[in-house]
Every structure is written in C-alpha cells, then in structure tokens.
Amino acid sequence: MSEGQRFEAQVLPHLDAAHNLARWLLRDARAAEDATQEAALRAFRYFASLREGEDAKPWFLGIVRNCCYTALARQQGRLEITGLDDSDWDHATHAAATPEPGPAQRLAAQRERSAVDAALRALAPALREVVVLREFEDLDYRAIAQIAGVPIGTVMSRLSRARTRLKELLTLAGFGQPGATDLKP
Amino acid sequence: MNDDDISRLVRAHASRYPADERLRAAVRTQTALQSAARKPARTRPSLVAWLAGLGASLSRVPRLQRVSPAGRLGGLFGGVAAGLVLGVALTLGVQSWRAGPATLGDELVAGHVRALQVGPLFEVASSDHHTVRPWFQGRLDYAPPVFDKLPGYTLLGGRVESLRGTPTAVLAYQVKLHKIDVYVWPDARVAAPELLHRRGFNIVHWSDGAMQCWAVSDAEGGELARLAAAWQAAQALQNAPPVVPATSIPSS
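Okay, so let's go over this structure. Keep in mind that what you see is a predicted model, and the values were worked out from it rather than measured.

## Examining the overall build of chain B
Each helix and strand in chain B was counted, giving seven helices and seven strands. Counting from the amino terminus, helix and strand elements in chain B follow one another as α-α-α-α-α-β-α-β-β-β-β-β-β-α. Relative to its 252 residues, chain B shows a buried fraction of 28%.

Right, dumping it as structure tokens:
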C-alpha cells in the first residue's frame, strides 16, 4: 500500500469531521474550506509523523485546529483567541442569543436549530471546540485533550463551563421554560 | 436543564457541516499533486536507459559466437546494427524528453505572458458558457468544454491560440486578481494531475480521457489545483446521466 493510499484510507474518512470543526471554529464557509484543505495538505506532508497503529482522527483534527487558529489569528489579530477569558465574546453572546424573529410559518425545528446554532457560535472558540468535538464527534476527553493540546482536566472544566454558558444562552432563547417547544414535553 | 439536556439539545439541533464532494475532490487533487512533486517522473530517462541497455546487449551477443568468418561478419553487422539502435534510441529519447512537458510548459507560459502583455486575453468576452462555447464553432475542429460556474473562478472569455501550429482553445479565468489561462485540446490520454513551475508561473495539467487541460497562471499552485478539481467535478456532473426528474423533487 503506497503512502497515498494509506493517507486516503486513514485520514480522508475524517474529512467530514475536519470540515465541521473548521466551519464551527471559523464560522465562515470559505475560510473553513481553505483551512480544511490546508490541514489535509499538511497532514499529507507530515503523514510519516503519525505512528503505526495511532488513531488518525485526533491527530488530523489537531492539525485542522491549528490551521483554524492560525486563520483566526490572521482574521482578528488583536483578540487573544486561545485565552480562557471569553469576556471579549460577551457582547456577541447576548447579541446572538436572541433568536431572530422569523416569519410565523417557519417550522419549529428551524427555530430550534438557529437558536442552538447561535448559542454555540456565541461561545469562545476554546469552549466551542470542546463542545463540537465532544457532541458531534463523540470523542473522549483524552482525544480532545490531544487535539486541543491541553491537559484532560482542562478539557473537563472547559466542557463544564461551555455547558453552563450554553444553558444560559438557551434559557434566554426560551428553551427549558414552561410552554417551550422542546425539552420538557 | 442539566448537562445531559444541553448535550441532547446540541446533538439534536445544531447544524453539521460535512465536507462536500468539491472539497473532497480538491483535497484528493492536491495530495495527488504533492505526491507527484515528491516523485519526479522518471519514465522517459529509464526508457532511454533500457534502450541503451538493449543496444549494449545486442552488441555483446555476436562476440560470444566467434566461430566462423561468417559469424565474425555477422558480429560486425550486429555491432553496427546495435550502434544504430543505440543512436536512434538516444536521439528519440532525447527528442521525446525535450518535446515533453518541459518545452510545452515553456510554450504555454510564453503564450500566457504574450496574452497578458499584448493581448488579447480573450477574443470573446463573456462569463456565460452559452456564449463562449459556440464562439469556438468554426474556429476549431473540436468543441472544448467550457465551465462558467466554478466557485471562486470567474470566466472572462476565450480565445484561439496557435500552439505548435495547431489552433487551440484557451479559456481565461480570474481568481482574485490572478489571470488563469486554461489550454484545452483533444487527446485521449489520461494523466494524473501534475504541477509544474516555469519562471515563477505555476502550471497544472490534468486530463479526463477526452481533453488535455493545462492551466497557467501566477496564482499559487493550490488555486490552480482547486480550479482543476472544480473543473473535474463540473465535468463529472455534466457527464452524469440525470437521475431524478425535476418534477419529482418534493417541494418541502
């Protein structure tokens, strides 16, 4: 099996996860495609650094994450992206948490989707990425820690903070309240 | 709401963004280009070496059979013949090497630069393939594929350029501020995408089994690879037979 074939078999199946992570981190379709492509190229170039038997998914998603953060830093150089302090995002948080008043005939599912999307988008990137990796990719704490380059304890505390924040935002958006469309039937 | 509710809400309602086919194709093309760049093609030199080896072994054969004057005469002829074979092989080999991608790449870059300097970059200016494609009728003995909806790439128009004495279709595209010339001519050879560099210009070559396509530009190789991928995706879409009649698409 040539290196190209091994790459195709081990890395390319995770392209969906890669693009999803990039799209959620960068919040822009074109930028996410660029970052995914760049990450795939880098992964191919450094494919030899993936150890025999090592799971390619966290390894590849770690590269994707790095490419995204580089792109984010380029986009908004003044923000301390990787910092744990997400006060910079607070204003965005409240702006985004209120769901847009759509036309009456809009389906409830679409409202829920846009509310959850808005809440997730409003999280600081460091919190958003752990949620995306945990909830969409079902990765365990160890894998997420490897991708984000932080200790496992940090992953757990970030996930907990992210959930607390999401809860605030979703409550603000009307979830979990009497008469809300979802959650408590 | 507890953590499990949050988790369930996110899993149930948040948008997911899988990689689409175009992105997948672009990644495949780029990795193919990378591995091609890693292993420079050696087919032609090794063919020459093989022919040279054949020539050498031919010239050795008669020497082993030095039995009679007739045999010696045969040996002489054999040697001369081997020398001829070797000479012809070397000449052909060198010619095919020089006529290979190297010189063609130079010619394409020269054409591209000439079009940029003195023009015209396009003789038919249109971003609509329904205008550009018919324009080639009567100017060429083939109908080049024209794609005007390659995401990120604007079709500027087309022109006919004489390439090695043969009228050849050239499509001009623009990505950001870079002009891209795509040379298209019919040739059934199938080739994996390859990336070449000539005097600071990037050239990407690909083929679909019917046409040879060469994109020349000062845009970076990745942009050209993406163009190649988008082109191939559009081509595949065009070649695919329609499956679902438009009327049966649910209106929701």
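## Details of the interface of chain A and chain B
Accessible area lost upon the coming together of the parts serves often as the stated size of an interface. Taken residue by residue, the interface counts 31 residues in chain A and 23 residues in chain B. Where the side of chain A that touches chain B is concerned, the elements lending two or more residues are helix 1 (3–10), helix 2 (15–26), helix 3 (29–45), helix 6 (108–122), helix 7 (125–136) and helix 9 (152–172) of chain A. At seven residues, the largest contribution of residues to the side of chain A that touches chain B is made by helix 3 of chain A. Along the lines of polarity and charge, the residues of the side of chain A that touches chain B split into 14 nonpolar, seven polar and 10 charged.

## Details of unusual backbone geometry
Of all residues except glycine, most have a negative phi; of all peptide bonds, most are trans. The backbone of Arg27 of chain A sits at a positive phi, close to 55°, despite the residue not being glycine. Here Arg27 of chain A lies in the loop between helix 2 and helix 3. Residue class for Arg27 of chain A comes out partly exposed when judged on the 16 C-beta atoms lying within 10 Å of it. A positive phi is found at Lys176 of chain B, a non-glycine position, where the angle reads about 50°. Note that Lys176 of chain B resides in the loop between strand 3 (166–175) and strand 4 (178–186). Judged by C-beta crowding, with 9 C-beta atoms within 10 Å, Lys176 of chain B ranks as exposed.

## A few points about the sheet that holds strand 5 (residues 194–198) of chain B
Pairing between sheet strands relies on hydrogen bonds along the backbone, with the strands arranged either parallel or antiparallel. Residue and element names in this part refer to chain B. Taking strand neighbours across the sheet as the criterion, the seven strands line up as 1-2-3-4-7-6-5 in an open arrangement whose pairing is antiparallel. Edge positions in the open sheet fall to strand 1 (124–125) and strand 5, since each of these has one partner strand only. Pairing of strand 2 (residues 154–163) with strand 3 involves nine bridges; the strand directions are antiparallel. Residue Glu161 lies in a different strand from strand 3, and its bridge partner there is Thr168. Sheet strands in contact with helix 7 (residues 221–239) are strand 3, strand 4, strand 5, strand 6 (201–207) and strand 7 (211–217), and its direction is about 20° off that of strand 6.

## Looking at the pairing of strand 2 of chain B
Residues and elements named next belong to chain B. For strand 1 and strand 2, the ladder comprises two bridges, and the chain directions are antiparallel. Paired with Val124 across the bridge in strand 2 is Gly158. Linking strand 2 to strand 3, which pair antiparallel, is a turn of two residues; within it Arg164 sits at a positive phi near 55°.

## A short note on the packing of helix 3 of chain A against helix 4 (residues 56–75) of chain A
Residue and element names in this part refer to chain A. For the pair helix 3 and helix 4, the least separation of the axes is 9 Å and the interaxial angle reads 130°. Looking at the two axes, helix 3 sits oblique to helix 4. Viewed along their axes, helix 3 and helix 4 form a crossing whose handedness is right-handed. Between helix 3, through Ala31, Ala35, Thr36, Glu38, Ala39, Arg42 and Ala43, and helix 4, the contact on the second element is made entirely by Phe60, Ile63, Val64, Cys67, Cys68 and Ala71.

## Brief notes about the environment of Glu129 of chain A
All names here are of chain A. Looking at the secondary structure, you find Glu129 in helix 7. What makes Glu129 buried here is the crowd of 24 C-beta atoms within 10 Å. It is 9.6 Å that separates the C-alpha atoms of Glu129 and Ala162, two residues lying 33 residues apart in sequence. With near-sequence residues (within four places) excluded, Glu129 lies in contact with Leu21, Leu25, Arg65 and Ala148.

## A few points about the pairing of strand 6 of chain B
Residues and elements named next belong to chain B. When you tally the buried positions in strand 6, you get five out of seven residues, the bulk of the element. The pairing of strand 5 with strand 6 spans five bridges and is antiparallel. Looking across to strand 6, one finds that Leu196 is bridged to Ile203. In sequence, strand 5 turns back onto strand 6 through a hairpin of two residues, with Arg199 there showing a positive phi of about 50°. Remark: three residues form the turn of the hairpin made by strand 6 and strand 7, two consecutive strands paired antiparallel; Gly209 in that turn has positive phi of roughly 95°.

What counts as what
Residues numbered from 1 in each chain as written. Chains lettered and ligands numbered in written order. Predicted model: local features only at pLDDT ≥ 70, side-chain atom pairs only at ≥ 80, totals over all residues. Helix = DSSP H or I, 4+ residues; strand = E, 2+ residues; numbered from the N terminus. Buried ≥ 20, exposed ≤ 12 C-beta atoms within 10 Å, placed from the backbone. Contact = placed C-beta atoms within 7 Å. Nonpolar A, V, L, I, M, F, W, Y, C, P; charged D, E, K, R; others polar. Pairing = 2+ DSSP bridges. Axes fitted to C-alpha atoms, helices over the stretch in contact; angles between N-to-C directions. Parallel < 35°, antiparallel > 145°, perpendicular 65-115°, else oblique. Left-handed = near helix turned anticlockwise from the far one by under 90°.

On their own, these measurements won't tell you what the molecule is for.
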